[in-house]
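One letter stands for each residue in the lines below.
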Amino acid sequence: MDRIRIRGGRPLSGEITVGGAKNAALPLMVAGLLTDDRLILSNVPRLADIQTMSQLLEQHGIAVDFVTNDGRTLSLGGAITNTEAPYDIVRKMRASVLVLGPLLARVGEARVSLPGGCAIGTRPVDLHLKGLEQMGARFNLANGYIDGKVDGRLRGAAIVFPFVSVGATENLLMAASVADGRTVLANAAREPEIGDLAACLVAMGARIEGIGSDTLTIDGIAKLHGAEHAIIPDRIETGSYACAAAISGGSVFLRGARLDHLGATVRILREAGVDIVEELNGLTIRRLNGLHGADVMTEPYPGFPTDMQAQFMALMSVAEGASMVTETIFENRFMHVPELNRMGARINVHGASAIVRGVPGLSGAPVMATDLRASLSLILAGLAAKGETIVNRVYHLDRGYEAVEQKLAACGVDIERISG
């Protein structure tokens, strides 16, 4: 099993290209189920989750091909020949449940394994099912599978989400695009990835109003056509490398990064002493005079993202003063805390909040990654630590960050992947 070794103490200096957003690419790939024509996606990140989604779509009958030598342009197309999303694939990645709505909308039935992914909370699919039920679907849950059927076609409905859910918004948005009649999604998620999916669906012929707001109105049509679409840059990768520059005391240019997608992340990082300057083709990030403690609470976009919580906590572990980090999205997302404490951090967890008391420095240690974002937080800690840090179980990292060690090494970091 691969590990990553870091010898800390070197400030980042150089340029990192921000890849396409994983959390946009996965639902965009699923949108290939909505048409028999070709959907061409560019700026595709090269990640384990992309391969998993490719496998899932291929077993549904969709041909998935990389059409450029660099592996960043993907062609999807074909008729649906199988409506089962099996456990062996779905267990690897929670986003697999997104095939449920498109399958029901296109062919009237679906059998989808209950999803897996990172062990950071239960993350139930209730909102997906309740919304699709309002549109005419019927479900039976047994033996770890969701069995869904529709008599005829899905019908438009007025759906009010009791709380914001990115996955449910995406699933119902895709299903509604080819349903009969008008669907209104109220209290919908507003993440940039939702807007990217909507923009692609519109390019495929969908009729969607309210993009970027919390109310989406979709007038369903019988059939979508093919399109070409470029995936937005990954805002979580942007925030993660901003933290890397700050925790190491360096300066880095993040090519392709977009300030307008970062939401509260910009405000919180600036409050903590991180300089963020918008340039023509990206962002320049550097630490100012010092890092200062800042309080943060995770919230739906444009609030501070739960996917940045672990990285921000690593940054605050070496900031002057105390910080409070409150997690409101997932109930089990502080598993990185014991590992950071092994490196000398002073973090105490009290329910849904963690008190971080900044220390002058961290020390290298062997640590274990527990989920995708925790993996990056431990690498960040390793950048600031004295001595050698070994991060174990980095297969989590490969699900959402492309070539981390190469990108950091190109900016002067002493880092390498150790295989086996």
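The model shown is predicted, which means the values in this text are computed figures rather than measured ones.

(A) Layout of helix α8 (residues 235-248). The terminal C-alpha atoms of α8 lie 20 Å apart, and with 14 residues this matches the ideal 20 Å at 1.5 Å per residue to within 8%. Among the 14 residues that make up α8, 14 are buried, leaving the element largely enclosed by the rest of the structure. Between the side-chain oxygen at the start of α8 and the backbone nitrogen of Ile236 there is a gap of 2.9 Å, and the oxygen is on Asp234. Of the residues one or two after α8, Gly249 is the one with positive phi, at around 75°.

(B) View of the side chain of Thr298. Its location among the elements puts Thr298 in the loop between β18 (296-297) and α10 (309-316). A distance of 3.1 Å separates a polar atom in the side chain of Thr298 from a polar atom in the side chain of Glu327. The contact partners of Thr298, leaving out residues within four places of it in the chain, are Phe304, Pro305, Thr306, Gln309, Thr326, Glu327, Thr328 and Ile329.

(C) The arrangement of the nonpolar core in detail. Judged by nonpolar contacts, the single largest core of 76 residues is most densely connected at Leu41, Leu132, Leu154 and Leu201. Residues contacting Leu41, with those up to four places away along its chain left out, are Leu28, Met29, Arg72, Thr73, Leu74, Leu76, Cys200, His229 and Ile231. Counting 69 residues, the second-largest nonpolar core is a separate cluster that includes Tyr241, Ala242, Ile268 and Tyr401.

(D) Region of interest: the side chain of Asp234. Tracing the backbone through its elements, the reader meets Asp234 in the loop between β14 (227-230) and α8. At 5.3 Å, Arg373 is the nearest oppositely charged side chain to Asp234, a buried residue that forms no salt bridge. A polar contact of 3.2 Å, which involves the side chain of Asp234, links it to the backbone nitrogen of Lys22. Apart from residues no more than four positions distant in its own chain, Asp234 is found in contact with Val18, Gly19, Gly20, Ala21 and Lys22.

What counts and how
Residues numbered from 1 in each chain as written. Predicted model: local features only at pLDDT ≥ 70, side-chain atom pairs only at ≥ 80, totals over all residues. Heavy atoms only, no water. Helix = DSSP H or I, 4+ residues; strand = E, 2+ residues; numbered from the N terminus. Expected span 1.5 Å × (residues − 1). Buried < 20%, exposed > 50% of the residue type's maximum accessible area, 1.4 Å probe, protein only. Polar contact = N/O pair within 3.5 Å; in protein donor to acceptor, adjacent residues only side chain to side chain. Contact = heavy atoms within 4.5 Å. Core = buried A, V, L, I, M, F, W, Y, C linked by side-chain atoms within 4.5 Å. Lys, Arg positive; Asp, Glu negative; His and termini not counted. Salt bridge = Lys/Arg side-chain N within 4 Å of Asp/Glu carboxyl O.

The values reported here are purely geometric and, on their own, carry no functional implication.
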